[in-house]
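# Secondary and tertiary structure notes
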Amino acid sequence: MGSIKLFLNRLISLSPPAVDIRRSVKTQACLNMDVQPTDSVKLNLKSKEVMEIEAKVLVGTYARNPLVLAHGKGCKLYDPEGREYLDCTSGIAVNALGHGDPDWVRAVTEQANLLTHVSNVYYSIPQVELAKRLVACSFADRVFFTNSGTEANEAAIKFARKFQRVLHPDEKHPATEFIAFTNSFHGRTMGAVALTSKEHYRFPFEPVMPGVTFLEYGNIQAARELIKCGKIAAVFVEPIQGEGGIYSATKEFLQSLRSACDEAGCLLVFDEVQCGLGRTGYLWAYEAYGVVPDIMTIAKPLAGGLPIGAALMSERVAAAMKFGEHGSTFAGGPLVCTAAITVLDKISRPGFLTSVSKKGQYFKEMLIQKVGGNLHVREVRGLGLIIGIELDVSASSLVDACRNSGLLILTAGKGNVVRLVPPLIISEQELERAADILFECLPILDKTLK
């Protein structure tokens, strides 16, 4: 041990004199293997302390709600002071099985004791098992795993361009452009953000990936005309737009995209990162429309809160890719895939999906009855347990009032849509409580106008 310390300290001493001495001391302390941490991780901090520390050490990219969450169970969350909140956010449509699902906890714990990570240099059993299940329960023939939804969309971008290059080997300039739609959200990395319609996501980082045209969501004629020009590699569309405001595509619109893509030889990509995996009452949102994509991207609920994403695709798309043309160090690791198997097995049961559909319809009808008559409510819409309440004013004051009353909700669209995406296991009694709190808090909107 002494020789290791001496060797490492000698390496550190070779640093140029200009190096900040505080950083040098920190580095020595980290590399000195005899040094023990002087302070363990504190899990008993109060809310105010956590927020004060966060302001000092994290990059300021999140306008967080003034709430610290310490633990959860089922559809309930608790702050460090023990206050209880009914969760209608699911970590932005992620925690489909709620918090602390016993089967999920057991699976993750057991796998963590066996094997957590090996990279994609080797085969691993959970990855193969999960891929086999995803293929069996969807249109897809092949799966590519990622770590998030935005990575899944980045993969779809690359696969689409490579597909066009293979499809047209003799063309000097095969199709490389993309179509996306108004109110779309496909992620924050450079390719995915280029497909995202809101300018404030793109503008600070321009130039983003060129060659993307945004069309009006649902405009069949405009889409058909642009697709047939021969320059489009793929069309990216969300069957139900989540971040964009809970807008559902029509069956006619998606069928038209499918036929236009087939005629032109371009790919149709469904982004089901938020609306897929049971959220609509169907396992996949495309099933509600009877339209099958070439590629489907998924992520949020798949591993029950652990980071995972995937691009599911047909054999003809997958066949265009060769070894080494895309990859990931962490994607499809044993731990996250084991978690995902547990989630997928539960959600894909017909009885589970039937319950989501039933509860979603019950919740929407109850919301229409309780809040639909309010002067500020323009529309209650959605499918299954992805529901939006469009307002004629900003929803931020309502979000704050609901949080103070023990209900957690989200916004969408231009900030004027209340987004409700509770855990899929939520009970009818909990949905009734959520509707009651929303109704009780609605008068705050009158003050917004003053």
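Residues numbered from 1 in each chain as written. Predicted model: local features only at pLDDT ≥ 70, side-chain atom pairs only at ≥ 80, totals over all residues. Heavy atoms only, no water.

### Things to note about the sheet that holds strand β2 (residues 76-78)
The strands making up a sheet associate through backbone hydrogen bonding, with each pair oriented either parallel or antiparallel. The strand order across the open sheet built from four strands is β1-β2-β3-β15, with neighbouring strands paired in mixed fashion. What marks the edges here is a single partner per strand, and that holds for β1 (71-73) and β15 (407-408). Of the strand pairs in this sheet, β2 and strand β3 (residues 84-87) are connected by three bridges, and their pairing is antiparallel. Note on β3: the bridge partner recorded for Y78 is E84. (Pairing = 2+ DSSP bridges. Helix = DSSP H or I, 4+ residues; strand = E, 2+ residues; numbered from the N terminus.)

### Concerning the sheet that holds strand β6 (residues 212-215)
Pairing within the open sheet is mixed, and its seven strands lie in the order β4-β12-β11-β10-β7-β5-β6. For this open sheet the edge positions go to β4 (142-146) and β6, each flanked by a neighbour on one side alone. The sheet shows a mean angle of 20° between the axes of neighbouring strands, taken without regard to direction. Inspection of the sheet shows strand β5 (residues 177-181) paired to β6 by four bridges, in the parallel sense. Looking at β6, one finds that I179 is bridged to T213. The strands that helix α7 (residues 149-167) touches are β4, β5, β7 (232-237), β10 (267-271), β11 (295-298) and β12 (309-313); relative to β7, the one it contacts most, it runs at about 155°. (Axes fitted to C-alpha atoms, helices over the stretch in contact; angles between N-to-C directions. Contact = heavy atoms within 4.5 Å.)

### Describing the pattern of salt bridges
Counted under the stated rule, the structure contains 23 salt bridges. For E243, the salt bridge goes to K198, with nearest N and O atoms at 3.8 Å. Taken together, the residues E243 in the loop between β8 (240-241) and β9 (247-248) and K198 in the loop between α8 (190-194) and α9 (199-202) connect sequence positions 45 residues apart. As far as burial versus exposure is concerned, E243 and K198 are alike and both buried. Here E243 and R419 are joined by a salt bridge, their closest N and O atoms 3.1 Å apart. (Salt bridge = Lys/Arg side-chain N within 4 Å of Asp/Glu carboxyl O. Buried < 20%, exposed > 50% of the residue type's maximum accessible area, 1.4 Å probe, protein only.)

Nothing here speaks to function; it is all geometry.
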